Amino acid sequence: MGELLQDIEQWRLPLGRWVAQFVDWLTETFPAFFEFLTNVLLGAYEALADLFTWPPDVVMILILGVLGLLARGWKFGIGGTAALFLISLLNLWEPAMETLALIVGSVVIATVLAIPVGIAAARSDVVSNAVRPVLDFMQTMPPLVYLIPAIFFFGVGVVPGLIATIVFAMPPGVRLTELGIRQVDQEVVEAGHAFGSSPGEILRQIQIPLARPTIMAGVNQVIMLALSMVVLAGFVGAPGLGQEVLSALSRVEIGPGAEAGLSVVILAIYLDRVTAALGTRSGTSGRLAKLKGRLAKAK
Amino acid sequence: MAAIRAEGLYKVFGRRPDDVVRQLRDGASTEEVAAQGATPAVIDVGFEVQPGEIFVVMGLSGSGKSTLIRMLNGLLTPSAGHVHVGGRDVAELDAKSLRQLRSEEMSMVFQHFALLPHRTVLENAAYALKIRGFDKEARDKKGRDALNLVGLSGWEDKLPGQLSGGMKQRVGLARALAAETDIMLMDEAFSALDPLIRREMQDQLIDLQKRLDKTIVFITHDLNEAMRLGDRIAMMRAGRIVQIGTSEEILREPANDYVAEFVKDVDRTRVLTAASVMEPVSSPAASTDDSHGGYDTVAADTLLADVFAMTDRRPLPLAVVDGDNQTLGVIREQHLLHAMVSADAGQDREQEASHG
Ligand SMILES: Nc1ncnc2c1ncn2[C@@H]1O[C@H](COP(=O)(O)OP(=O)(O)OP(=O)(O)O)[C@@H](O)[C@H]1O
Ligand SMILES: [Mg+2]
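Residues numbered from 1 in each chain as written. Chains lettered and ligands numbered in written order. Predicted model: local features only at pLDDT ≥ 70, side-chain atom pairs only at ≥ 80, totals over all residues. Heavy atoms only, no water.

A. Representation of the coordination of the magnesium ion (ligand 2). Protein coordination of the magnesium ion (ligand 2) is provided by Ser66 of chain B (OG) and Gln111 of chain B (OE1), with donor distances spanning 1.9 to 2.3 Å. Taken together, the residues Ser66 of chain B in helix α3 (residues 65-72) and Gln111 of chain B in the loop between β6 (106-109) and α5 (121-125) connect sequence positions 45 residues apart. (Donors = N, O, S within 2.8 Å, 3.2 Å for Na, K, Ca; no water. Helix = DSSP H or I, 4+ residues; strand = E, 2+ residues; numbered from the N terminus.)

Structural data, given as structure tokens:
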């Protein structure tokens, strides 16, 4: 009896082992799938990174500066350009662009996955109830934990970093898309039905346009989360500012750490402000229209 | 054939609607089922709307008017009962035929406007035509015509957010008019308008209806409006229709205290006609008498307000005549006075007894 109690005390649920076994089984059973995914993601990243590092630093900074100007106006355009220039002065432009490539890649994929799921969840309570715990899981799992299976499936480097970032950053995209669509004035949706619109037309012509500010707030959140994760992805060998932070950390050097950290902050604020502006009506389109008007007048 | 026929319609919000309908059919009261957490919004409603008719549904806030009108075009599915439009059971249409019915045969004006906030006024007005696949030119033309009709020319390129409540309401009206459907469902379409525009829109609706011969279901909580517009009026109370009839029928013979209470505030002189208050002539011989008994004459469909206005020129009694100058009856002073007081309490109780 005493022995049995002792046994029970020492026994623990081998959950970790099961997960590890499951991961093993997946990699062994679907090697082609993981290889394919790796190639696609790696290809996408490299194309983006090449694109962003192709123009000379100054040109790229000016391009980003003009984008900022279109999105938010003169003050932000000038301030943004100056701040980005600072990254270049710190000699961190290339890793910053690698980080940008990681972010753009993971955010595009996360958004492309998140919005349809959010739409499905908004239209069906069953889907919504099924998706919610998964999102909770994705969001509350400590981000570093993602990196472990990611390495397992995809080895070290860009791809596990991308995958972990996508998983970590996706949930607010889904949640805010669902919220945005559910919040659309029900009577306006009814009006769509009353005049004979099909569900697809209602989605495209009424629900998505009216939910756009909320959906864009979700995309903005996705970008912010991606930024925080992409730095952690340095741990699994993903390139970019994360590598700089990591090397400063491993050598306990305050100076380079602060420089890399500041570059991340600048990139984060720039992306946040620009994408936030896209969500509002007076964002790009409004300002572009104004600019066009001004140009027309000048002529 | 009736344009719209509703039969034993029920709509119960909340849990187990089928069960609640059964209980209501077995005579349970609204309070009893409400205690179970169900809201019976429409209870055992039946009526027919004839082509070319303006059928008004009148009732207080919360009496189930909006719920009822939403079942007519299938925005809400009845808990029990049937709606037939043009002979087809709305609940039995497949998705495609239902969409077709809504876009080609019945349009709707919403109580709270329900305009698309991200589209311009013109795009809103032409929305139904866009759904139906008209090209831009045709859409814009019909949209402009409809906006013109409701007095909103010049506002085409504004967004709904830039308009006042009354103007939004008129855009909603234009949107329904531009659809050019035979049936129009209008949920408190004029309640957001100020009195002057409201009257103008009422006149316009009557005029439009004369010209285009539409079938209109019009919801209002204003009895004066109901009597002005309605060929027939259905009085709703707590989900049930308590009386259906013409303005005069409702005014002269309110089915119960509830209706009588409503009718109190109505300007009776603008509803009742000479024919409805006269004392009919007894003998057929008298009706063919060309001298009309020596009295001045008044046409049968003259409103009492106009009869009063002419009494200073033509002394009472007056002979009421039809289109062929045949005497139908006589109006004496006591008839006019009697018409002005609402049906007295004793008569009311009698009717309660006979209806309940
Ligand atoms: N979607 C819904 N869910 C639950 N209850 C509802 C719903 N829609 C309406 N009701 C209830 O049904 C009843 C009738 O509502 P309805 O909107 O039809 O009234 P109404 O006559 O149009 O009132 P008003 O003049 O204020 O517009 C109300 O008690 C309301 O609370
Ligand atoms: Mg209503």
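That shown, we press on.
B. Up close: the site of ligand 1. Residue and element names in this part refer to chain B. Around ligand 1, 13 residues are found, and the nearest of them are Ser61, Gly62, Lys65, Ser66 and Thr67. In the model, an oxygen atom of ligand 1 is placed 2.8 Å from a nitrogen or oxygen of the Gly62 main chain. Gly64 places a main-chain nitrogen or oxygen 3.0 Å from an oxygen atom of ligand 1. Contact with the protein chains covers 59% of the free accessible surface of ligand 1, which is 640 Å². Those elements that provide at least two residues to the shell around ligand 1 are β2 (38-49) and α3. Top element by residues in the shell around ligand 1 is α3. It accounts for 3 residues. Residues of the shell around ligand 1, tallied by class, amount to 3 nonpolar, 8 polar and 2 charged. (Near = heavy atom within 4 Å. Polar contact = N/O pair within 3.5 Å; in protein donor to acceptor, adjacent residues only side chain to side chain. Areas by Shrake-Rupley, 256 points an atom, 1.4 Å probe, with all protein chains shown as cover. Nonpolar A, V, L, I, M, F, W, Y, C, P; charged D, E, K, R; others polar.)

C. Representation of unusual backbone geometry. In the Ramachandran plot, Asn91 of chain A falls in the positive-phi region, its phi being about 70 degrees despite a non-glycine side chain. The backbone phi angle of Asp213 of chain B is positive, close to 55 degrees, even though this residue is not glycine. Relative to the helices and strands, Asp213 of chain B is located in the loop between α9 (195-212) and β8 (215-220).

D. Broad picture of helix α12 (residues 241-250) of chain A. Residue and element names in this part refer to chain A. Listing the buried residues of α12 in full gives Leu241, Gly242 and Ala248. Taken end-on, α12 shows its buried residues confined to a sector of 130 degrees, consistent with a single buried face. Looking at the residues trailing α12, positive phi occurs at Val252, about 50 degrees. (Buried < 20%, exposed > 50% of the residue type's maximum accessible area, 1.4 Å probe, protein only. Arc of directions from axis to C-beta.)

E. Spatial organisation of empty space enclosed by the protein. Residues and elements named next belong to chain B. Scanning the model with the defined rule gives 1 cavity of 30 Å³ or more in all. Every residue lining the largest cavity is listed: Leu149, Val150, Leu173, Leu177, Phe190, Met201, Gln204, Leu205 and Leu208. Residue assignment for the lining of the largest cavity shows that the elements contributing at least two residues are α8 (165-178) and α9. Considering each element in turn, the lining of the largest cavity owes the most residues, 4 residues, to α9. (1 Å grid on protein atoms, 1.4 Å probe; cavity = no way out; pocket = protein on both sides within 12 Å on 5 of 7 lines; lining within 4 Å. Points joined across faces, edges and corners; volume = space filled by probe spheres on them.)

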